[in-house]
Each structure stands twice: as C-alpha cells, then as structure tokens.
Amino acid sequence: KAGFIWDDDRALVDNVLIRTTDGLWKIWTHAPELEGIETHYWPMVYTSFWLEYQLWGINAFAHHLVNVLLHLLNVLLLWRVLRLLRVPGAWFAAALFAVHPIHVESVVWVVERKDTLSCLFCFLAAWAFLRHQASGGALLYVASLLCFVLSLLAKSMAIGLPIVLFLLMWWRHDGVRLK
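Residues numbered from 1 in each chain as written. Predicted model: local features only at pLDDT ≥ 70, side-chain atom pairs only at ≥ 80, totals over all residues. Heavy atoms only, no water.

1. So, helix H8 (residues 138–154)
Thinking step 1. The terminal C-alpha atoms of H8 lie 24 Å apart, and with 17 residues this matches the ideal 24 Å at 1.5 Å per residue to within 8%.
Thinking step 2. Inspection of H8 places Ser-144, Cys-147, Phe-148, Leu-150, Ser-151, Leu-153 and Ala-154 among the buried residues, and these make up the whole buried set.
Thinking step 3. Contacts from the buried residues of H8 go to helix H2 (23–29), helix H3 (43–56), helix H7 (113–135) and helix H9 (161–172). (Helix = DSSP H or I, 4+ residues; strand = E, 2+ residues; numbered from the N terminus. Expected span 1.5 Å × (residues − 1). Buried < 20%, exposed > 50% of the residue type's maximum accessible area, 1.4 Å probe, protein only. Contact = heavy atoms within 4.5 Å.)

Written out as structure tokens, the structure reads:
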C-alpha cells in the first residue's frame, strides 16, 4: 500500500519525459531538460521509469515491486559472485545484504532505483569478469565492460568497480607480479 514519498513525485509523477514518446530520446540526449527533476545524468534510471510508465502508467505499487525484485536479483547475484570467489558463508553474506537496514531506503524509495539498478549492473559486471578470469572468452569480458558502463549510467558511484575487481584479482592470486 506504499505510495510515493519525498521527491518521487518530482522524478516520476510530474516528469513529462517519462510520459512522452520522444521522452526516451530526450532522457539520453537532452540532460539539461531534466533540470528541476534531476541534477545528475542517470539515463538508465529514467529509462526504467519510462518503460514502466509505458507498461502500467504511474502505479506506486508496481514501481515498488520492481525495486523489490531488483533487490532480490542483487541478493542472488551477490551470492553467485561470492561463490565464484569461494567465500565461506556466501549465502550468509548475501542474506545479510538482503535484510541490512541500509538497503531499505534504496528499495522503498522509488527514485532510489539508481542504487538498486547500479548495484545490479555492478554485480553482473563482477560476475562476468570473474567468469572471464576463470574460463577466458572475449564475450564475457565485453559483457563485463558493458555492464560496468550501464552501471555508471545508472549511478556514478560504480566508478570504483575496476579497482574492486583489481583488488579481488590481487587477493585471489596472492598479489600481482610484474615480469
């Protein structure tokens, strides 16, 4: 029964770009037109809002449900990434991630989709990169790069992902040795 809160109205309900047929194009190419709605360039987030508006209009329940489903997918992806890293208790870490209070805001506040969406693409990028490291294959590497870019287009906090992946490789291989 949750409705929209805080600036959800400004970002969704009052956002003309998610309602118009040319809105999707403008979301990607006319960032200044988002002024007053958003001060950051997060086209993946507004693309998801645009798609949802096309499917069910302004429906708070549906938007909340999508956030919950994205969070569930993030939990499962984290579990898979931790299993690839052979982290003991990967299921426990993923379960803790699922219920940790810091994620409540990102899941229940619709406009915070940027966190859940960026996290989704970060975990996908990490999963593809780790699979590439284990088995090779250019396709997995390209998928990792693509997911990283999509994560950045959801929220710029993903910029640190390459450093995290480098540190993971360092940890898995007992350091990086230069020849």
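2. Some thoughts on the nonpolar core
The nonpolar side chains of a soluble globular protein tend to be buried, and buried together.
Thinking step 1. Within the largest apolar cluster, 45 residues are counted, with the highest numbers of intra-cluster contacts made by Met-44, Val-45, Tyr-46, Phe-49 and Leu-117.
Thinking step 2. Listing elements by their share of this core, those giving two or more residues are helix H1 (8–13), H3, helix H4 (60–84), helix H5 (90–99), H7, H8 and H9.
Thinking step 3. When residues of this core are assigned to their parent elements, the largest contribution, 10 residues, is made by H7.
Thinking step 4. Each residue touching Phe-49, except ones within four places of it in the same chain, is listed here: Leu-12, Ile-18, His-63, Val-110, Val-111 and Arg-113. (Core = buried A, V, L, I, M, F, W, Y, C linked by side-chain atoms within 4.5 Å.)

3. Details of the packing of H4 against H5
Thinking step 1. Their axes nearest at 9 Å, the elements H4 and H5 cross at an angle of 155°. As the angle between them shows, H4 and H5 are arranged roughly antiparallel. Relative to H5, H4 is oriented so that their crossing is right-handed. Listed contacts from H5 to His-71, Asn-74, Val-75, Leu-78, Trp-79, Leu-82 and Arg-83 of H4 are Ala-90, Trp-91, Ala-93, Ala-94, Phe-97 and Ala-98.
Thinking step 2. Taken together, the residues of the contact of H4 with H5 sort by class into 10 nonpolar, 2 polar and 1 charged. (Axes fitted to C-alpha atoms, helices over the stretch in contact; angles between N-to-C directions. Parallel < 35°, antiparallel > 145°, perpendicular 65-115°, else oblique. Left-handed = near helix turned anticlockwise from the far one by under 90°. Nonpolar A, V, L, I, M, F, W, Y, C, P; charged D, E, K, R; others polar.)

4. Focus on the packing of aromatic side chains
Thinking step 1. Considering all chains together, one arrives at 4 aromatic pairs under this definition.
Thinking step 2. Between Phe-97 and Phe-123, the ring centres sit 5.8 Å apart and the planes meet at 70°, which makes this aromatic pair edge-to-face. Of the two residues, Phe-97 is situated in helix H5 and Phe-123 in helix H7; the sequence distance between them amounts to 26 residues.
Thinking step 3. With relative accessibility at 15%, the residue Phe-123 sits in the buried group.
Thinking step 4. Pairing Phe-166 with Trp-170 gives two aromatic rings, centres 5.9 Å apart and planes at 90°, and the pair type is edge-to-face. Taken together, the positions of Phe-166 and Trp-170, both in helix H9 and 4 residues apart, correspond to about one turn of that helix. (Phe/Tyr/Trp six-rings, centres within 6.5 Å; stacked < 30°, edge-to-face > 60°.)

5. Comments concerning the environment of Ser-156
Thinking step 1. As for its position among the elements, Ser-156 is in the loop between H8 and H9.
Thinking step 2. On the basis of relative accessibility, which here comes to 46%, the residue Ser-156 falls in the partly exposed class.

6. As for unusual backbone geometry
Thinking step 1. Positive phi values are uncommon outside glycine, yet Arg-86 reaches one of about 60°.
Thinking step 2. Its place among the elements puts Arg-86 in the loop between H4 and H5.
Thinking step 3. You can call Arg-86 exposed: its relative accessible area is 65%.

7. Describing the pattern of salt bridges
Thinking step 1. Applying the stated rule across the entire model yields 4 salt bridges.
Thinking step 2. Salt-bridge contacts for Asp-22 lead to Lys-26; the nearest nitrogen and oxygen are separated by 3.3 Å.
Thinking step 3. Residue Lys-26 is classed as partly exposed on the basis of its relative accessible area of 23%.
Thinking step 4. For Arg-113, the salt bridge goes to Glu-52, with nearest N and O atoms at 2.4 Å. Here the residue Arg-113 occupies a position in helix H7, and Glu-52 occupies one in helix H3, the gap between them amounting to 61 residues.
Thinking step 5. Here Glu-52 falls in the buried class, since its relative accessible area comes to 5%. (Salt bridge = Lys/Arg side-chain N within 4 Å of Asp/Glu carboxyl O.)

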